[in-house]
Amino acid sequence: MARRRRRTLTAYLFLAPFLVLFIGFVLAPAVYGLWISFTDWSPFRDVQHFIGLQNYADLFTPGSTTSADFWSSMRATAIFVVASVPFLVVVPLLVAVLLNQKLRAASTFRTIFFAPYVLGVAVVGLIWGYVLDTQSGILNHLLHAVGIRGDIPWTVDVPWAWVSLVGVTVWWTSGLNTVIFLAGLKGINSELYEAASLDGAGRFRSFTNVTLPGLRPVMLFITTTTVLASANMFGQSYLLTTGGPGNDTRTVIMYIADQGLSQNNMAPAAAMSYVLFAFLAVVSIVNFRLQRERVEKRRTR
Amino acid sequence: MTATVADVRRRPSTRRITARAVLYALLIVLALIVVLPLVWMVLTSFKTDADAIRHPYSLPSPFSLDAYRNLASGQQPILRWLWNSFSAAAIQTILILVTASMGAYALARMEFAGKKIVFGLIISTLLVPPVVFLIPNYLIVQNLGWLDTILAITVPGAAGAFGIFFLRQFFVGLPLEIEEAARIDGAGDFRIFVQIVLPLARPALATLAVLSFLNNWNDFLWPVYVLLSPEHMTLQPGLSMLQGAYRTHFAIVMAGAVIASVPVLAVFAVAQRQIVDSVTGAAVKG
């Protein structure tokens, strides 16, 4: 008994440094944030009142101060997720398949494709802010040179702003998904390809019948993390379009941060973050279910 | 892979050569798309402002260091930001390595009351998006008096569940025998942990270190809001300020981008294998 109590004490001594951080900056804020979302919290008031679900109800009441802006930022986020995820999955998959051929310079190419990812969004924002500048940007200058005139407003008008945000995100982060796909491809048993080719399968058939099924677990990981990353997009809009034109490209993270930390509307912003959490949880579960069903259907077929 | 080798035997070799040529051409085009904006950043940083606006895609003429000189004499302490970014990322990485490895060892190897609850709580927070912590953590950091200090960008971010989860997986996979032998020799828990387990865990610790460092280095939203004064900023919020301050001075902005990216790209060039393996290892196994 005393021995067991000593074991427990030792274990908690090992855990103590982490638990202090974890309780202070993960558990406490999760509860604190939920509490704030149930109050009329304001930095200008000494006492806050419990107002129940009012902040949440406001978000779902058309015409309230926050609902229109919140849902338009949710819409912007949804547009970005739907527009970016296919490219962020398909482009890296194809690049990984190319790199997985026996190439002499494969590792050099891999290094090059991954490099933008280590730069960080601020550097990426500076570079592309200049590339995409309507008047002085190199992209419009190059388009002029090949005869396309009429200064495309890459960052200041829709739909071009979306094209830019998606394009820049693909340029910046494709390398990450590429190297993960590549690791997945290396894990596929090469005998499966031999068997497929003995059965007379061409490249395309062995891609659909061997490569794609072999990548299932990696695919689930990549689609889930990519959807979440796109749903949490902030820096690209902040740096390239500042949420414009109007608030068309203002993502929900941008709106929550602005409301909560710049406008001091902390209680509604906390409620918004929990609504977003619920949305993302549903999206993740649906994605997980869909992909698992596909795996099961294949098995029964 | 082997399929292509088998295919080749049946196909005429000219077809194979064409296929290879197309493959290399594709990869080179893609590599150019990645590299050209970076080349252009460097070229522009050596232009004068007028040259940058008038001849955006020619070589710098005259070749000029004005942008770097302006940056050095300007209001924006960019080298300071570089140093702040580096020290914040290093401090947070060390904090994560120490706290996560100790905690993960307890979760992997010790039996104790409340273990399931502690582990369950930690794991469940892996799924919570970071924005949920944004506002309450801002208030907590503000109450602690940490706003605009290095503590704000190192301590709260070290509390994430990923590190402890990742290391626990690794520790569980280590063979028990060596630890048991040490215990029979009379070594205590802490000595076994420091002298036996940590050296064995070096690859996992290195992976976690790379991921933590990159993560902190690239963090954008949090430092933008918790760092206020120019001399306390890190590169990410600093550069976004730079963009605002020199909106049309493209050469200066690009010089800032060069200063910010050269150290990172240099480290990446040296340690690329380790970095890429860390990222993929954590994704495929974790």
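Calculation notes
Residues numbered from 1 in each chain as written. Chains lettered and ligands numbered in written order. Predicted model: local features only at pLDDT ≥ 70, side-chain atom pairs only at ≥ 80, totals over all residues. Helix = DSSP H or I, 4+ residues; strand = E, 2+ residues; numbered from the N terminus. Rg over C-alpha atoms; globule rule 2.2 N^0.38 Å. Buried ≥ 20, exposed ≤ 12 C-beta atoms within 10 Å, placed from the backbone. Contact = placed C-beta atoms within 7 Å. Nonpolar A, V, L, I, M, F, W, Y, C, P; charged D, E, K, R; others polar. Domains from an automatic or database assignment. Core = buried A, V, L, I, M, F, W, Y, C linked by C-beta atoms within 7 Å. pLDDT = per-residue confidence, 0-100. Axes fitted to C-alpha atoms, helices over the stretch in contact; angles between N-to-C directions. Parallel < 35°, antiparallel > 145°, perpendicular 65-115°, else oblique. Left-handed = near helix turned anticlockwise from the far one by under 90°.

### Considering the overall build of chain B
Next, step 1: The helix and strand inventory of chain B stands at 14 helices and zero strands.
Next, step 2: Walking chain B from its N terminus toward its C terminus, one meets helices and strands in the order α-α-α-α-α-α-α-α-α-α-α-α-α-α.
Next, step 3: For 286 residues, the compact-globule estimate of 2.2 N^0.38 gives 19 Å, and chain B exceeds it by more than 25% at 25 Å.
Next, step 4: Once the C-alpha set of chain B is aligned to its principal axes, its extents read approximately 75 × 70 × 35 Å.
Next, step 5: By the burial criterion, 41% of the 286 residues in chain B qualify as buried.

### Considering the overall build of chain A
Next, step 1: If you tally the helices and strands in chain A, you get 13 helices and zero strands.
Next, step 2: The linear arrangement of helices and strands in chain A, starting from the amino end, is α-α-α-α-α-α-α-α-α-α-α-α-α.
Next, step 3: By the compact-globule yardstick of 19 Å for 301 residues, chain A is too spread out, its C-alpha radius of gyration being 24 Å.
Next, step 4: C-alpha extents for chain A along the principal axes are approximately 75 × 75 × 40 Å.

### What about helix α12 (residues 252-262) of chain A?
All names here are of chain A.
Next, step 1: Across the 11 residues that make up α12, a large majority, eight, are buried.
Next, step 2: All of the buried residues in α12 are V252, I253, M254, Y255, I256, A257, Q259 and G260.
Next, step 3: Where α12 ends, the next residue or the one after it, N264, has phi of about 60°, a positive value.

### As for the interface of chain A and chain B
Next, step 1: Between chain A and chain B, the contact holds 81 residues from the first and 77 residues from the second.
Next, step 2: With 20 residues, helix α1 (residues 2-37) of chain A is the largest single contributor of residues to the side of chain A that touches chain B.
Next, step 3: Here the side of chain A that touches chain B is built from residues that sort into 57 nonpolar, 20 polar and four charged.

### Describing the environment of G150(A)
Next, step 1: Position of G150(A) among the secondary structure elements: in the loop between α6 (138-145) and α7 (160-186).
Next, step 2: Considering only alpha carbons, one finds G150(A) and T134(A), 16 residues apart in sequence, at a separation of 9.7 Å.

### Observations concerning the domain arrangement of chain B
Next, step 1: Here the domain parsing of chain B yields domain 1 (2-71) and domain 2 (76-245).
Next, step 2: For domain 1 of chain B and domain 2 of chain B, the distance between their C-alpha centres works out to 37 Å.

### Side note on the nonpolar core
Next, step 1: Residues V123(A), I127(A), I256(A), V253(B), M254(B) and A257(B) are the most contacted members of the largest nonpolar core, which totals 144 residues.
Next, step 2: For this core, the leading source of residues is helix α14 (residues 250-285) of chain B, giving 15 residues.
Next, step 3: Both of domain 1 (2-71) and domain 2 (76-245) of chain B provide at least three residues apiece to this core.
Next, step 4: Residues in contact with A257(B), not counting those within four places in the same chain, are V123(A), L126(A), I127(A) and M41(B).

### Looking at unusual backbone geometry
Residues and elements named next belong to chain A.
Next, step 1: Look at the link from V158 to P159: it is a cis peptide, with omega at 0°.
Next, step 2: Among the secondary structure elements, P159 is positioned in the loop between α6 and α7.
Next, step 3: Of note, the amide linkage connecting G244 to P245 takes the cis form, showing an omega dihedral of 0°.
Next, step 4: Looking at the secondary structure, you find P245 in the loop between α11 (235-241) and α12.
Next, step 5: Phi at T242 is positive, roughly 45°, even though this residue is not glycine.

### Observations concerning the confidence of the model for chain B
Next, step 1: With 95% of its residues at a pLDDT of 70 or more, chain B shows a mean pLDDT of 88.
Next, step 2: For this predicted complex, the interface score ipTM comes out at 0.89, while the overall pTM is 0.90.

### Remarks on the environment of A281(A)
Next, step 1: Inspection of the secondary structure puts A281(A) in helix α13 (residues 266-300).
Next, step 2: Placed 36 residues apart in sequence, A281(A) and P245(A) show a C-alpha to C-alpha distance of 30 Å.

### A closer look at the packing of helix α5 (residues 78-109) of chain B against helix α8 (residues 162-173) of chain B
All names here are of chain B.
Next, step 1: Where α5 contacts α8, the axes come no closer than 8 Å and their chain directions differ by 50°. With respect to α8, the axis of α5 lies oblique. The element α5 and its partner α8 pack so that their crossing is right-handed. Two secondary-structure elements touch here, α5 through I96, A100, S101, G103, A104, Y105, L107, A108 and R109 and α8 through G163, I164, L167, R168, F171 and V172.

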